[in-house]
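# Residue-level structural notes
Here is what each chain is made of, one letter per residue.
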Amino acid sequence: MGSSRTLAQTYRHFGEVDAAKASPLYQRVAIALSESDEALRAIQAAPARKRHPAVILAALHDLALAGRAPELAADGDAAAGAAIDTLVRMTDSVVDIAVRRRRRTNETGRCAVLYPAIAEVAHRVGASTLGLIDVGCSAGLNLNADRVGITYSNGQSLGAPSSPVQLSASVVGDRPIPTRAMPEVVARVGVDLDPVDVTDVDDARWLRACLWPDQQEQATRLEAEIALAATAPPLLLRGDAVELMPDAFAHISTDALPVVTTTWALSRFPLESRLRFLHRLDQAASGRTVAWVSVEGVGVAPTIPTLGDRRASGHSVIGLAVFDGPSLHAEAVGRCWSQGRLLTWLADS
């Protein structure tokens, strides 16, 4: 993505392929940026790893939401022209945001997978209270899995029916989702290299900026999630997850089952770090039972069976692992697609 020519191709591809169906606005803006030499030169002021269209567009969106570039609120060709003008006129501001921030996906469908898996592992252990530890937590929205309502395509439902956050997911296959309730959650701890505090105005705005402006349904849901999380903010630990695991466990009372969750987080770890992460869980289980719920690509989560699936097969495996002293029981209980929007349950419950 170094040369102007390659950068132009990247932005055109993003507009014509990545944004084509999901965001007509970003489709038009990305293509316009790809055709503007001035805009491309401005983008090249950012470090190479920060020149991706999704990052630069999120930085522009952040400026618009902050009221620093109100002209970006225009539609169609006017928005494309405003994006070029803002990039050229406010290059330093755009680059500063892009460098300081990591793009967030905040896919809320993850709770539709996490809820039944957490409830299942709690049932197997016989736990009456839980302490959740989410690795790669971003804003910690997954830590509220028990506080949202979830409706599945087969008519089943889980969670809180009166919650302001209501999610839906499609079930693939004939096997039902386990409908047992999640026990009381008494602690919520998030671990991330750069966690997002939903009670901080700038952090919350960045979450909104990472959504595409014409994704109104997602924006409405995110607002509800931010508001819900702000009523009981989780404890956020900043730093390397492997190194911070002992600190995270220290915040879970001894009478609660610690449940560590990873959702597409371990793929960012080298294999050595994944194995060290597993060792940390094993160490924590020397004096108590520890559970791990993983939703990762095939073969990414150590010890979780792959069900004979091929790596990079387009879906993820839902795994449960229970560490109990010297023993470890690991099982693949399902598969999911599209960041949790589709899932199939495989385990007997």
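Refer to the structure printed above.
Let me sum up the structure you'll find in this document. (Residues numbered from 1 in each chain as written. Predicted model: local features only at pLDDT ≥ 70, side-chain atom pairs only at ≥ 80, totals over all residues. Heavy atoms only, no water.)

### Topic: the pattern of salt bridges
Stated precisely, the cut-off is as follows: Just to be clear on terms, a salt bridge is a Lys or Arg side-chain nitrogen sitting within 4 Å of an Asp or Glu carboxyl oxygen. Here a helix means four or more residues in a row that DSSP labels H or I, a strand means two or more in a row labelled E, and each is numbered from the N terminus.
In this structure the tally under the stated criterion is 22 salt bridges. Between Arg238 and Asp194 there is a salt bridge, with the nearest N and O atoms lying 2.8 Å from each other. A residue pair is termed long-range when its members are at least 10 positions apart, and Arg238 in strand E6 (residues 235-238) and Asp194 in the loop between strand E5 (184-192) and helix H8 (201-209) qualify at 44 residues. Where Arg280 meets Glu243, a salt bridge forms, and the shortest distance between an N and an O atom there is 3.2 Å. Note that Arg280 is positioned in helix H11 (residues 271-284) and Glu243 in helix H10 (residues 241-250), a separation of 37 residues in sequence.

### Re the sheet that holds strand E3 (residues 157-159)
Put simply, the rule is: Strands were regarded as paired on the criterion that DSSP finds at least two bridges between them. Between N-to-C directions, angles span 0 to 180 degrees; the directions come from axes that are lines fitted to C-alpha atoms, helices contributing only their stretch in contact. Here, two residues are considered to be in contact whenever any of their heavy atoms come within 4.5 Å of each other.
Taken together, the 11 strands give an open sheet; going across it, the order is E3-E2-E4-E11-E10-E9-E8-E7-E1-E5-E6, and neighbouring strands pair in mixed fashion. Two strands lie at the open edges of the sheet, namely E3 and E6, each paired on one side alone. Each strand axis lies, on average, 25° off the axis of its neighbour in the sheet, ignoring direction. In the sheet, strand E9 (residues 316-324) pairs with strand E10 (residues 327-337) via nine bridges, with the strands oriented antiparallel. Of the residues in E10, the one forming a bridge with Leu320 is Glu331. Against the sheet, H11 touches strand E1 (129-135), strand E7 (257-263), strand E8 (289-297) and E9, its axis set at about 160° to E8.

### Considering the side chain of Asn142
Put simply, the rule reads: Burial classes follow relative accessibility: with a 1.4 Å probe on protein chains only, a residue under 20% of its type's maximum area counts as buried, one over 50% as exposed, and anything between as partly exposed. Polar contacts, as counted here, are pairs of nitrogen or oxygen atoms within 3.5 Å of one another; within protein the pair requires one atom able to donate a hydrogen and one able to accept it, and residues that are adjacent in sequence qualify only if both atoms are side-chain atoms.
As for its position among the elements, Asn142 is in the loop between E1 and strand E2 (149-152). Take Asn142: its relative accessible area is 11%, and that puts it in the buried class. Reaching out from Asn142, the side chain makes a polar contact with the side chain of Thr263 at a distance of 3.3 Å. Ignoring any residue separated from it by four or fewer positions in sequence, one finds Asn142 in contact with Arg110, Cys111, Leu114, Asp134 and Thr263.

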